[in-house]
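Okay, here's what each chain looks like letter by letter:
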Amino acid sequence: MQSVTVNNLVFDEYLSKEEIATLVAQVAERINTDYAGREPLFVCVLNGAFMYASDLLKHITLPAEITFVRLKSYEGTATTGKVNMLIPLQVPIQDRDIIIVEDIVDTGLTMHGFIQYLKEEGARSVELTSFLFKPDALQYPDATPKYIGKSIPTAFVVGYGLDYDEKGRNLESLYVLKK
């Protein structure tokens, strides 16, 4: 098993880049089927979802657009209880079919707040795709992703866009903190 060290912590490979590619293609296939005849707007949540969004959009065969936001609901390891947009939406969303592209959903706090915002701003529909989902950590059921790459236990992961103190995002595979 391949391991990496990120900021002095050791992580073991959890998903290879080949396994990731298969999961992403499967999610895209579902979206292509569900959104046939529509033109969704993909909203990529920076920073973590950039790799997933890039790979996902390569498999989307629909006419579609992508835009980016940066959200923050945590200070360090603690939640602030509210969602702030550090980089706001740059395109109109009224009467649009929105698909939020997220790297990981655990408690769902950030997505709960963002989904409510998009609905209040007049989006026709809002769905969520997350490469990873931690169902055991979910506290906001409305933030359950419709399109999931993989459900995982509540373990700390890094790679494929996910970071540990801003390091490790560039790893092609996904790694889990070694016990």
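As a reminder, the structure under discussion sits directly above these lines.
Described in the following lines is the structure provided in the data block. (Residues numbered from 1 in each chain as written. Predicted model: local features only at pLDDT ≥ 70, side-chain atom pairs only at ≥ 80, totals over all residues. Heavy atoms only, no water.)

1. Side note on the side chain of D97
Next, step 1: Mapped onto the elements, D97 comes out in strand β6 (residues 97-105).
Next, step 2: Of the polar contacts made by the side chain of D97, one reaches the side chain of S125; its length is 2.7 Å. (Helix = DSSP H or I, 4+ residues; strand = E, 2+ residues; numbered from the N terminus. Polar contact = N/O pair within 3.5 Å; in protein donor to acceptor, adjacent residues only side chain to side chain.)

2. Comments concerning the packing of helix α1 (residues 17-34) against helix α2 (residues 50-59)
Next, step 1: α2 packs onto α1 with a crossing angle of 55° between their chain directions and a minimal axis gap of 8 Å. Classed by the angle they form, the pair α1 and α2 counts as oblique. Both α1 and α2 take part in a crossing whose hand is right-handed. When α1 is examined against α2, the residues V24, A25, V27, A28, I31 and N32 are found in contact with a partner set consisting of Y52, D55, L56 and H59.
Next, step 2: Residues belonging to the contact of α1 with α2 are distributed by class as follows: seven nonpolar, two polar and one charged. (Axes fitted to C-alpha atoms, helices over the stretch in contact; angles between N-to-C directions. Parallel < 35°, antiparallel > 145°, perpendicular 65-115°, else oblique. Left-handed = near helix turned anticlockwise from the far one by under 90°. Contact = heavy atoms within 4.5 Å. Nonpolar A, V, L, I, M, F, W, Y, C, P; charged D, E, K, R; others polar.)

3. Remarks on the pattern of salt bridges
Next, step 1: Under the defined criterion, the tally for this structure stands at eight salt bridges.
Next, step 2: For D55, the salt bridge is made with K58, and the minimal N-O distance between the two is 3.4 Å. In this pair, D55 and K58 are both assigned in helix α2, three residues apart and thus about one turn of the helix distant.
Next, step 3: Exposure remark for D55: the relative accessible area of 24% places this residue in the partly exposed category.
Next, step 4: A salt bridge links D163 to R169, with the shortest nitrogen-to-oxygen separation between them at 3.1 Å.
Next, step 5: When salt bridges with common partners are traced through the structure, they connect R38, D97 and R124 into a single cluster. (Salt bridge = Lys/Arg side-chain N within 4 Å of Asp/Glu carboxyl O. Buried < 20%, exposed > 50% of the residue type's maximum accessible area, 1.4 Å probe, protein only.)

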